[in-house]
Every structure is written in C-alpha cells, then in structure tokens.
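A structural walkthrough
Below, each chain spelled out in residue letters.
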Amino acid sequence: MITKLECRFCQAPLTHSFVDLGTSPLANSYLKVEDLTKMEPFYPLRVFLCEKCFLVQLPEWESPEKIFSDYAYFSSYSETWLKHAKDYTELMIKRFGFSSNSQVIEIASNDGYLLQYFKARDIPVLGIEPAKNVAKAANELGIPTLVKFFGTQMATELAAEGKHADLLIGNNVLAHVPGLNDFVEGMKIILKPHGVITMEFPHLMRLMDENQFDTIYHEHFSYFSFTTVEKVFAQHNLTIFDVEELPTHGGSLRINVKHSDCALNPISEKVLELRNKEEAVGFTNLEFYLSFAERVKATKRNILDFIIKAKKEGKSIAGYGAPAKGNTLLNYCGIRTDFIDYTVDRSPHKQGYFLPGTHIPIYHPDKIKETKPDYLFILPWNLKDEIMGQMAHIREWGGQFVVPIPEVKVYE
Ligand SMILES: [Zn+2]
C-alpha cells in the first residue's frame, strides 16, 4: 500500500492528474448473487502523470495479491488470441532459431495458452503465474508452471538453480506490475548473455488517440509510451533493439530487448522511427498529456446522451461481453440496470455472476435470442468485428449494434 505519491519508476513526486475516473471496484471482482447485499470496496481511479519521466500511472491502492490471486480470466477462451499466440511462436522460432537446447520462460503465463505452442515444437518451457486457478490449469496441460509473483527475489532463486532464459516472454504483464524497477531488474537477472526478452503491452499513444479510457483499471498500474519504456529498460542496462505496433488490445507494442553489452541483434530502424513519431505527436510535452482529461469527459457525455435518448424512446439495451474494461466504462458513466438490462458472456466462468459496482447480471449469449433487445451494447470494442459476425442474427428483429469507443456509434 502507498503512503505518499511518487513515480514508481523515477521517484519524482506525482503532482499532475492525467485523468480522474472517480471511484470504482476492482474490475475483475465479479459478484455472486449473495454478494449483492454486502458492502463493496471502491477505490480511487485517478491516474497521475510524472512530469519528469512522463510515466502515466495509477497508485497502488490495493495489493497485487488481492487483485490477482483468483483471477477469472482464462486466455484460452478467445479464438483471436490463440491465433495471435501461435503466429507469434512461429515467428520467434524462425527469427532467433530456438531449439530443444533453448529455454523459454514466460512471466504471467496464464493457463499455458502460449507456451503450449513452444512445447509442441520440443522447446523446454517454464511458466510463472501468480493466479492459482489458472496456473493449475496450465500444469494439468503439461506446462510446468510456478505459482509466484516475479521480481528480483524469484529471479535470484531461479538463477541459483541454473535456470536462465534464451527467450524471456512477458506479454500483458508490464502494465500490471507495481514494483516496476524490481520486475525489470529480475528479468535482467535471468536473461542469458545473448538472450532475448520480448514483451507486449498496450501503447499509450493508441489509448490517447482512440479515447480508450476504459482500459484504465486498478490492475493496470502503468501506461507506457515507447519513449518512457525505453528509459525504464535503459536504467537497468537493457536495450530495446526492435519494436512492432500490433492491433491487439486496441493497439499494443511488442518490444525485443537485449543486454546493453550484447553485440548481437543490431538496433532496428523502427526504434528510431517510433521515438521520433512520439516526439512529433507530443509525448515529451506535459501539456499534450494534460489535454486528455477533457476528451474523456466529453466521451462520457456523448455515451449518456445516446443511452438516455434510447431509453426515452422506449428501446431496450442489452450488453455484450463482461470484460474488465466494460466495468470501468459502466462505473465511470453511471450505467446500471436502469439503462442496460443485462449482459452476456461466452465464458462459463462469468455466467451467473454480476458486474462489480453496477450489479448488471451476466448471462449465456442465448439470452439475447430470448429477449430480442433493440440495441446490443458491445463492451469489448476491440473484438467488435468478431462479435458483430457472431451476433448478426439480431438484425432479424431489427436489433442494432452500439460500440462506445472511440466515440459512441450505432451500426445499422
Ligand atoms: Zn517518473
């Protein structure tokens, strides 16, 4: 828990607000019916900007153990995501020549959805995953997985056992780490002299560009520009030698990193290009960051305008999906069962539960056919094409899709 507000990377005092989304429960704290009559903890969802290193960050109001230990998200449920993982595996093997003599280690390995593809190619794998329920699923799949939080302490233990990585993977974990310096230093410790670190994380440039304020929630402690992430790795004598912009999670970066004294893997042109692009947009300028908050307020007003008008016309609205980002959006906008009757989700781990804060019930997608809503409000907007394809039959009764981000839009 925090006692004073300081930057988790450079320790400068945090005095600037990036955006204030009010208070919200933990975005993955789905509720059972018996929880609905209990008190529910809400935490501030106010994001700060460090004026020295420009790291956009959320203070640690709640311990990671409490946030992540019973995480309901199983990666293997998304088809799009599995294909992304398989393509990535092939790409890495081809580019860096990993073989049965290599060691692949993945931090936040979830249920083994990615490591399974390396294992299928006879490359030794090790997963590290703090959420017990998903780590158990990975071990049952034959993916050796340690149930732990990663940092210098764990890295030192692994190094003492002779476990070092030729390929060290950390996808969608960097943003989730409150102890950023300890985490990056831990990666340095277990990386072989000519090893490669590869990480994916949402790109702040896309978050700001496309108004993705709902990707802000308590599990995401840091929001990275390329400019700032380069500084973080450089501080630990690690060098980003390649970067790629990906469409996943609304727009992510994939970085490849090496020890700064490793002579292999020259720095690609793309590193310089992205650094220059961010500078041109304004990522080294305080005023640029501070303009975001007003746009978020305007987006909220537009979403509410649409919903209020629809309800006044007597239309019914159902949600689609129960992603963490949906909980930020609904809580920030104050949208409850007065506006959205229910939502649906394909994951059986969420059906029968209620959304945190708003208490909107989550059903099986078949519920849509039963109630024939006028509007289907798509919460995981990053999957909107896939969802509009799967749910095309709502047009039989004149149903329409609504996507709230980047701006509320109806698809006829
Ligand atoms: Zn800082």
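Preceding this section is the structure that the text describes.
Position numbers for residues start from 1 in each chain and track the written sequence from start to end. Residue-level local features of this predicted model are given only where pLDDT is at least 70; pairs of side-chain atoms are given and counted only at 80 or more, and the full residue set underlies all totals for whole chains, interfaces and linings. No hydrogens and no water enter the side-chain calculation; it runs on all heavy atoms of the structure.

**Some points on the nonpolar core**
The set of buried Ala, Val, Leu, Ile, Met, Phe, Trp, Tyr and Cys residues whose side-chain atoms join them within 4.5 Å is what this entry labels a nonpolar core. Whether a residue is buried, partly exposed or exposed follows from its accessible area with a 1.4 Å probe, protein chains only, as a fraction of its type maximum: under 20%, in between, or over 50%, in that order. Ranked by size, the top nonpolar core spans 58 residues in total, and within it Phe 18, Leu 204, Tyr 289, Ile 335, Ile 368 and Phe 377 carry the most contacts. Under the DSSP-based scheme used, a helix requires at least four consecutive residues in state H or I and a strand at least two consecutive residues in state E, with every element numbered from the N terminus. The greatest single-element share of this core, amounting to seven residues, is contributed by helix H11 (residues 292-312). The contact criterion used is simple: two residues touch if any of their non-hydrogen atoms lie within 4.5 Å. Setting aside residues up to four positions removed in sequence, Ile 368 forms contacts with Ala 318, Gly 319, Tyr 342, Val 344, Pro 373, Leu 376, Met 391, Ile 394 and Trp 397. If you look at the next biggest cluster of nonpolar residues, it comprises 44 residues, including Ile 128, Leu 180, Phe 226 and Val 232.

**Examining the coordination of the zinc ion**
Within the protein, the atoms that donate to the zinc ion are Cys 7 (SG), Cys 10 (SG), Cys 50 (SG) and Cys 53 (SG), at distances of 2.2 to 2.3 Å. Counted as coordinating are nitrogen, oxygen and sulfur atoms within 2.8 Å of the metal, or 3.2 Å for Na, K and Ca, while water is not included, which may make sites look incomplete. The geometry test gives tetrahedral to four donors whose angles all lie between 85 and 135 degrees, gives square planar to four donors and octahedral to six donors whose opposite members are over 155 degrees apart with all other angles between 65 and 115, and gives irregular to the rest. Around the zinc ion, the four donor atoms sit at angles spanning 101 to 120 degrees, and that spread fits a shape best called tetrahedral. Within one chain, the residues serving as donors to the zinc ion are arranged as C-x2-C-x39-C-x2-C. One end of the pair, Cys 7, is in the segment before strand E1 (16-24); the other, Cys 53, is in the loop between strand E2 (43-49) and strand E3 (56-57), with 46 residues separating them in the sequence. Looking at Cys 53, the relative accessible area reads 3%, which means it is buried.

**A few points about the pairing of strand E12 (residues 317-320)**
Burial of the side chains of E12 extends over both faces: Ile 317 and Gly 319 are buried on one face and Ala 318 and Tyr 320 on the other. Here the rule is simple: two strands pair whenever DSSP picks up at least two bridges between them. Note that E12 and strand E13 (residues 343-344) share two bridges and pair parallel. Following the sheet pairing, Tyr 320 is matched in E13 by Val 344. Assignment of crossover handedness uses the view with strands pointing away from the viewer, where a clockwise path from the first strand over the helix to the second indicates a right-handed crossover. Viewed along the sheet, the connection from E12 through helix H12 (residues 324-333) into E13 turns out right-handed.

**Considering the environment of Tyr 320**
Here Tyr 320 is to be found in strand E12. A sequence separation of 91 residues divides Tyr 320 from Val 229, and the C-alpha atoms of the two residues are 34 Å apart. With near-sequence residues (within four places) excluded, Tyr 320 lies in contact with Thr 343, Val 344, Arg 346, Leu 376, Phe 377, Ile 378, Leu 379, Pro 380, Ile 387, Gln 390 and Met 391.

**Considerations on the packing of aromatic side chains**
Here is the rule: rings of Phe, Tyr and Trp (six-membered ring for Trp) pair when centre to centre is within 6.5 Å. Planes less than 30 degrees apart are stacked, more than 60 are edge-to-face, and the remainder are tilted. Throughout the structure, instances matching the rule amount to twelve aromatic pairs. With centroids separated by 5.8 Å and ring planes inclined at 70 degrees, the aromatic side chains of Phe 288 and Tyr 289 adopt a geometry described as edge-to-face. Seen from their ring centres, Tyr 342 and Tyr 363 are 5.5 Å apart, and the 65 degrees between their planes marks the pair as edge-to-face. Of the two residues, Tyr 342 sits in the loop between H12 and E13 while Tyr 363 sits in strand E14 (residues 362-363), which places them 21 residues apart along the sequence. The exposure class of Tyr 342 is buried, given its relative accessible area of 4%. Judged by relative accessible area, Tyr 363 falls into the partly exposed class, the value being 33%. An aromatic cluster of at least three residues, connected via ring pairs, comprises Phe 54, Phe 283, Phe 288 and Tyr 289.

**Describing the pairing of strand E15 (residues 375-378)**
Here E15 shows two buried faces, one formed by Tyr 375 and Phe 377 and the other by Leu 376 and Ile 378. With helix H14 (residues 384-390) bridging E15 and its parallel neighbour strand E16 (residues 400-403), the resulting β-α-β unit is right-handed.

**Things to note about the sheet that holds E15**
Pairing is mixed in the open sheet, where six strands are placed in the order E14-E13-E12-E15-E16-E17. Two strands bound the open sheet, and with one partner strand each, they are E14 and strand E17 (409-411). Helix-sheet contacts for H11 involve E12, E15, E16 and E17, and the interaxial angle to E15 is about 160 degrees. Convention adopted: a line fitted to C-alpha atoms gives each axis, helices being fitted over their contacting stretch, and angles between N-to-C directions are expressed from 0 to 180 degrees.

**Description of the pattern of salt bridges**
Salt bridge, as applied in this entry: a Lys or Arg side-chain nitrogen positioned within 4 Å of an Asp or Glu carboxyl oxygen. This structure, assessed with the given rule, holds 15 salt bridges. Across the pair Arg 95 and Asp 242 runs a salt bridge, and its minimum N-O distance is 3.0 Å. Taken together, the residues span a long stretch of sequence, with Arg 95 in helix H2 (residues 79-96) and Asp 242 in strand E10 (residues 238-246) at a distance of 147 residues. Arg 95 gets classed as partly exposed once you look at its relative accessible area, which sits at 44%. Between Glu 294 and Lys 297 there is a salt bridge, with the nearest N and O atoms lying 3.0 Å from each other.

**Details of the sheet that holds strand E9 (residues 222-223)**
Here we have four strands laid out as an open sheet, ordered E1-E2-E3-E9, and antiparallel in their pairing. Since the sheet does not close on itself, it has two edges, and those belong to E1 and E9, each with one partner. By the bridge criterion, six bridges tie E1 to E2 in an arrangement that is antiparallel. Within E2, the residue paired with Val 19 across the bridge is Val 47.

**Topic: the packing of H11 against H12**
Remark: H11 packs on H12, axes separated minimally by 10 Å, with the N-to-C direction vectors making an angle of 80 degrees. Taken together, the axes of H11 and H12 are roughly perpendicular relative to one another. Here H11 contributes Val 296, Lys 297, Lys 300, Ile 303 and Leu 304 to the contact with H12, which in turn contributes Leu 329, Tyr 332 and Cys 333. We call Asp, Glu, Lys and Arg charged. Ala, Val, Leu, Ile, Met, Phe, Trp, Tyr, Cys and Pro are nonpolar, and the rest, Gly among them, are polar. Across the contact of H11 with H12, the residue classes break down as six nonpolar, no polar and two charged. Roughly parallel here means an angle under 35 degrees, roughly antiparallel means over 145, roughly perpendicular means 65 to 115, and every remaining angle is called oblique.

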